[in-house]
Amino acid sequence: MPPTSSRRTSPSPPRPDFALEAAAGGRVAGIDEAGRGPLAGPVLAAAVVFPRGVPPALAALLDDSKRLTAAARAAAFAALREAAARGEAECAIGAASAAEIGRLNILRATHLAMARAVMRLGVPPALALVDGNRAPPLPCPVRCVIGGDGLSFSIAAASILAKVVRDRAMARLDPRWPAYGFARHAGYPTERHRAALAEHGPSPHHRRGFAPVDQAALRFG
């Protein structure tokens, strides 16, 4: 008898489904953000409602945006836009600028972006499923779901929408501020970004209140 292997394979993480939305009933929005950690650029939030469930072809593309490659996120984003055009999904984006982040702090600015996204849905949802453990002040009941972008189709869709829109916004800033490499790191504190910040000082799109930005601003007056 051949020897059995002692190596264990790690179980695959669970994929999202529609169970939380179905259990709640009614009009449920999934909400997630992108861009809490960067040193530059806005924080974005997305709200997504699937009024009649998720089309199977779209469901196969949805997952936590962090688990997806850039190409897979782009494909899911395009499919979401097509679903919205057919009335199978309702999608909205809200943002808080770097200046608002500096004035409010990142948590309050993130909650502001989420509230703006919900307001842009037009009709408020009966329930908002929000990724994370801190409930934003919204014009509807809120349920926080830790790890929700890997559990709920609506939250996963919101995570993809927010991530793709924010990355593209940062790429559009790149030609105007080429020294910082925004298209490569989307404002996150990579070694290259930190070096550029130390060399050139902060741009108007860098976030005050974040230590590397404030330190660079002090050096450059």
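A. Examining helix H9 (residues 211-219) more closely. Considered for burial, the residues of H9 that qualify are Pro 212, Val 213 and Ala 216. End-on, the buried residues of H9 take up no more than an arc of 100°, which puts them together on one face. Buried residues in H9 make contact with helix H8 (191-200).

B. Inspection of the environment of Phe 18 at higher detail. In this fold, Phe 18 is placed in the segment before helix H1 (19-24). Each C-alpha atom of the pair Phe 18 and Gly 201 lies 46 Å from the other, and the pair is 183 residues apart in sequence.

C. Representation of unusual backbone geometry. Its identity as a non-glycine residue notwithstanding, Asn 105 has a phi of 95°, on the positive side. Structurally, Asn 105 can be placed in the loop between helix H4 (98-104) and helix H5 (106-119). Here the phi dihedral of Ala 186 falls at roughly 55°; this positive angle occurs in a residue that is not glycine. With respect to the helices and strands, the residue Ala 186 is situated in the loop between helix H7 (182-185) and H8. According to the relative accessible area criterion, Ala 186 is buried, its value standing at 8%.

D. Spatial organisation of the confidence of the model for the chain. Here the chain shows a mean pLDDT of 94. Residues at 70 or above account for 95%. Note that residues 1-6 has pLDDT below 50 and, in this model, 0 contacts with residues that lie over four places away or in other chains.

E. Inspection of the environment of Leu 44 at higher detail. If you trace the backbone, Leu 44 turns up in strand S2 (residues 43-49). Exposure remark for Leu 44: the relative accessible area of 4% places this residue in the buried category. For Leu 44, the contacting residues outside a window of four places in its chain are Asp 32, Glu 33, Ala 34, Ile 93, Gly 94, Ala 95, Ala 113, Ala 162, Val 165 and Arg 166.

F. Representation of the packing of helix H3 (residues 70-85) against helix H6 (residues 153-173) within the structure. Put simply, H3 and H6 touch, their axes get as near as 9 Å, and they point 110° apart. Taken together, the axes of H3 and H6 lie roughly perpendicular to each other. In this structure, H3 contributes Arg 73, Ala 74, Ala 76, Phe 77 and Leu 80 to the contact, and H6 contributes Ala 157, Ile 160, Leu 161, Lys 163, Val 164, Val 165, Asp 167 and Arg 168. Class assignment for the residues of the contact of H3 with H6 results in 9 nonpolar, no polar and 4 charged.

G. Examining the sheet that holds strand S1 (residues 28-34) more closely. On the basis of which strands lie adjacent, the open sheet formed by 5 strands has the order S3-S2-S1-S4-S5 and mixed pairing. The sheet terminates laterally at strand S3 (90-96) and strand S5 (142-145), the two strands that pair on one side only. Ignoring strand direction, the axes of neighbouring strands in this sheet form an average angle of 25°. The pairing of S1 with S2 spans 6 bridges and is antiparallel. In the sheet register, Glu 33 faces S2, and the bridge partner there is Ala 45.

About the cut-offs
Residues numbered from 1 in each chain as written. Predicted model: local features only at pLDDT ≥ 70, side-chain atom pairs only at ≥ 80, totals over all residues. Heavy atoms only, no water. Buried < 20%, exposed > 50% of the residue type's maximum accessible area, 1.4 Å probe, protein only. Helix = DSSP H or I, 4+ residues; strand = E, 2+ residues; numbered from the N terminus. Arc of directions from axis to C-beta. Contact = heavy atoms within 4.5 Å. pLDDT = per-residue confidence, 0-100. Axes fitted to C-alpha atoms, helices over the stretch in contact; angles between N-to-C directions. Parallel < 35°, antiparallel > 145°, perpendicular 65-115°, else oblique. Nonpolar A, V, L, I, M, F, W, Y, C, P; charged D, E, K, R; others polar. Pairing = 2+ DSSP bridges.

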